[in-house]
Amino acid sequence: MPLSIKQVAMALGIDEEELERRALRALLMDELRRVRAEKASILIKYKKHGVKTFKDLLNLVEKDVISDVDAHDDLIRLDYLEHREEELEKLLKELGQ
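Residues numbered from 1 in each chain as written. Predicted model: local features only at pLDDT ≥ 70, side-chain atom pairs only at ≥ 80, totals over all residues. Heavy atoms only, no water.

**A word on the overall build of the protein**
Tallying secondary structure elements over the protein gives 4 helices and 0 strands in all. Tracing the protein from N to C terminus, the helices and strands come up as α-α-α-α. For the protein, the residues scored as buried account for 27% of the 97 residues in total. Contacts in the protein between residues far apart in sequence, at least 24 positions, make up 57% of those at least 6 positions apart. (Helix = DSSP H or I, 4+ residues; strand = E, 2+ residues; numbered from the N terminus. Buried < 20%, exposed > 50% of the residue type's maximum accessible area, 1.4 Å probe, protein only. Contact = heavy atoms within 4.5 Å.)

**Concerning the pattern of salt bridges**
Charged atoms that come close allow side chains of opposite charge to pair. All chains considered together, the criterion is met by 11 salt bridges. A salt bridge links R36 to E85; its shortest N-O distance comes to 2.8 Å. With a gap of 49 residues between them, R36 in helix α2 (residues 16-43) and E85 in helix α4 (residues 68-96) connect regions that are remote in the sequence. Relative accessible area serves as the criterion here: at 39%, R36 is assigned to the partly exposed category. For E85, a relative accessible area of 12% translates into the label buried. Between K45 and D74 there is a salt bridge, with its nearest N and O atoms 3.0 Å apart. Separated by 29 residues along the polypeptide, K45 in the loop between α2 and α3 (54-62) and D74 in helix α4 bring together distant segments of the chain. A relative accessible area of 9% means that D74 is categorised as buried. What emerges from the salt-bridge pattern is a single network uniting E31, R34, E38, R77, R84 and E87. (Salt bridge = Lys/Arg side-chain N within 4 Å of Asp/Glu carboxyl O.)

**Focus: the side chain of E82**
With respect to the secondary-structure elements, E82 resides in helix α4. In this structure E82 is buried but unpaired, with K39 as the nearest side chain of opposite charge at 4.2 Å. (Lys, Arg positive; Asp, Glu negative; His and termini not counted.)

**Focus: the environment of E82**
Using a relative accessible area of 14% as the deciding quantity, one classes E82 as buried. Separated by 78 residues in sequence, E82 and S4 have C-alpha atoms that sit 35 Å apart. The contact partners of E82, leaving out residues within four places of it in the chain, are K39, K52, T53 and F54.

**Structural notes on a negative patch on the surface**
A contiguous patch of negative charge, built from D15, E16, E17 and E20, is present on the exposed surface. You can see E16 is positioned in helix α2. Residue E16 is classed as partly exposed on the basis of its relative accessible area, which comes to 37%. (Patch = residues over 30% accessible without salt bridge, like charges linked within 9 Å, V, L, I, M, F, W, Y side chains within 5 Å. Areas by Shrake-Rupley, 256 points an atom, 1.4 Å probe, with all protein chains shown as cover. Charge placed at Lys NZ, Arg CZ, Asp CG, Glu CD.)

**Some details on α3**
Of the positions making up α3, those classed as buried are F54, L57, L60 and V61. For α3, the angular spread of buried residues about the axis comes to 130 degrees, placing them on one side. Across from the buried face of α3, at angles greater than 90 degrees, the exposed residues are K55 and E62. Lining the buried residues of α3 we find α4. Following α3 by one or two positions, D64 has its phi on the positive side, about 60 degrees. (Arc of directions from axis to C-beta.)

Remember that the coordinates give geometry; whether it matters functionally is a separate question.
If you want it as structure tokens, here you go:
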């Protein structure tokens, strides 16, 4: 039989609401770490150009410093990851209140 929230809360000596809050925080933090790690793995490719954000990379592509063909997939993924990071940070902030 699967564990219930009530069983785990009782075993830990905390109420169910606190357990849910902690579990949500842990899940959001884990996802945020994953997103940031993937972002860093993309940005490291462009370190010599000083790229730290999607906008930095886009600016270099627009100036033809970096080929849009070479950076296309990274631009798309980086844009998604930055938005996801903002979304997760917002959720964490709301959870903290």
